[in-house]
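# Analysis of the macromolecular model
Each chain is listed here by its residues.
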Amino acid sequence: MRFRTTSADGTRAVAAALAPLLRPGDVLLLSGDLGAGKTVFTQGLAAALGVAEPVTSPTFTLAQSYQGRMRLHHLDVYRLENLGEVLDLDLPELLDDDAVVCVEWGEVVIGELPRDFLQVRIRLADPGESPDIRIFEADLVGPSWHARADSLAAAWHFADSFPVPPC
């Protein structure tokens, strides 16, 4: 799945549209350059899950937990230097918590995750385009996400996003 948004609000709306499809135990990996919108995406997701408190980047705390209609664990593993540090985060425990786990820079810990997750890559617009444009690529990994493919495609087709031709 590939599409784009034209604003931070559009990025939040993409995440909010995903929320009704989420189940306890779901894992979302967010990848992208610094400033691409990983935290903005998580803010939209948290709001749609009923989280009332502000959601900020956990870059220095590494992990934040929020309570809404479902618990949300928000991790940023950018600063991890080795997979052994995953244990310091209690990642296995967070994954067993029946919460939604959203991991920024998730490709760093992909080997430690269950084989069922949604990977969302966000990249900045190409030079010459508006700096507010974000291009999204979503990969469905595992049977749980493949079973939701049609629902996800339907959830993500709305006014602020439009398909992007394949590279």
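Here goes a summary of the coordinates provided. A quick note: this is a predicted structure, and the numbers were derived from the prediction, not measured.

### A word on helix α1 (residues 8-18)
Residues of α1 that are buried: Gly10, Thr11, Val14, Ala15, Ala17 and Leu18. Down the axis of α1, the sector holding all buried residues measures 160°, keeping them to one side.

### Observations regarding the packing of aromatic side chains
Using the criterion set out here, one finds three aromatic pairs in the structure. Seen in terms of ring centroids, Phe3 and Phe136 are 5.2 Å apart; in terms of plane orientation they differ by 5°. Their pairing is stacked. Of the two residues, Phe3 is situated in strand β1 (residues 2-5) and Phe136 in strand β7 (residues 134-141); the sequence distance between them amounts to 133 residues. When sorted by exposure, Phe3 lands in the same class as Phe136, which is buried.

### Here we look at the pattern of salt bridges
Between side chains of opposite charge, pairing is possible as soon as their charged atoms come close. One pass over the structure, following the stated rule, counts seven salt bridges. The shortest N-O distance in the salt bridge between Glu137 and Arg2 comes to 2.4 Å. Taken as a pair, Glu137 in strand β7 and Arg2 in strand β1 lie far apart in primary sequence, 135 residues in all. The partner of Arg4 in a salt bridge is Glu129, with the nearest N and O atoms 2.3 Å apart. With Arg4 in strand β1 and Glu129 in the loop between β6 (117-124) and β7, this residue pair connects regions lying 125 residues apart in the sequence. For Arg4, a relative accessible area of 11% translates into the label buried.

### Some points on the side chain of Thr39
Tracing the chain through its elements places Thr39 in helix α2 (residues 38-48). Note on Thr39: relative accessible area 17%, which makes it buried.

### Re the nonpolar core
Of all hydrophobic cores here, the largest spans 32 residues; its most connected members are Leu18, Leu28, Phe41, Leu118 and Trp156. Counting only elements with at least two residues in this core, the list comes to α1, β2 (27-32), α2, β5 (100-104), β6, β7 and α6 (149-155). When residues of this core are assigned to their parent elements, the largest contribution, four residues, is made by α1. The residues touching Leu28, leaving out its near neighbours within four places in the chain, are Leu18, Leu22, Leu45, Val100, Val101, Cys102, Val103, Leu118 and Trp145. Residues Val27, Leu94, Val103 and Phe117 belong to the second largest nonpolar core, which totals 12 residues.

Basis of the calculations
Residues numbered from 1 in each chain as written. Predicted model: local features only at pLDDT ≥ 70, side-chain atom pairs only at ≥ 80, totals over all residues. Heavy atoms only, no water. Buried < 20%, exposed > 50% of the residue type's maximum accessible area, 1.4 Å probe, protein only. Helix = DSSP H or I, 4+ residues; strand = E, 2+ residues; numbered from the N terminus. Arc of directions from axis to C-beta. Phe/Tyr/Trp six-rings, centres within 6.5 Å; stacked < 30°, edge-to-face > 60°. Salt bridge = Lys/Arg side-chain N within 4 Å of Asp/Glu carboxyl O. Core = buried A, V, L, I, M, F, W, Y, C linked by side-chain atoms within 4.5 Å. Contact = heavy atoms within 4.5 Å.

Any functional reading would require information beyond the geometric quantities listed.
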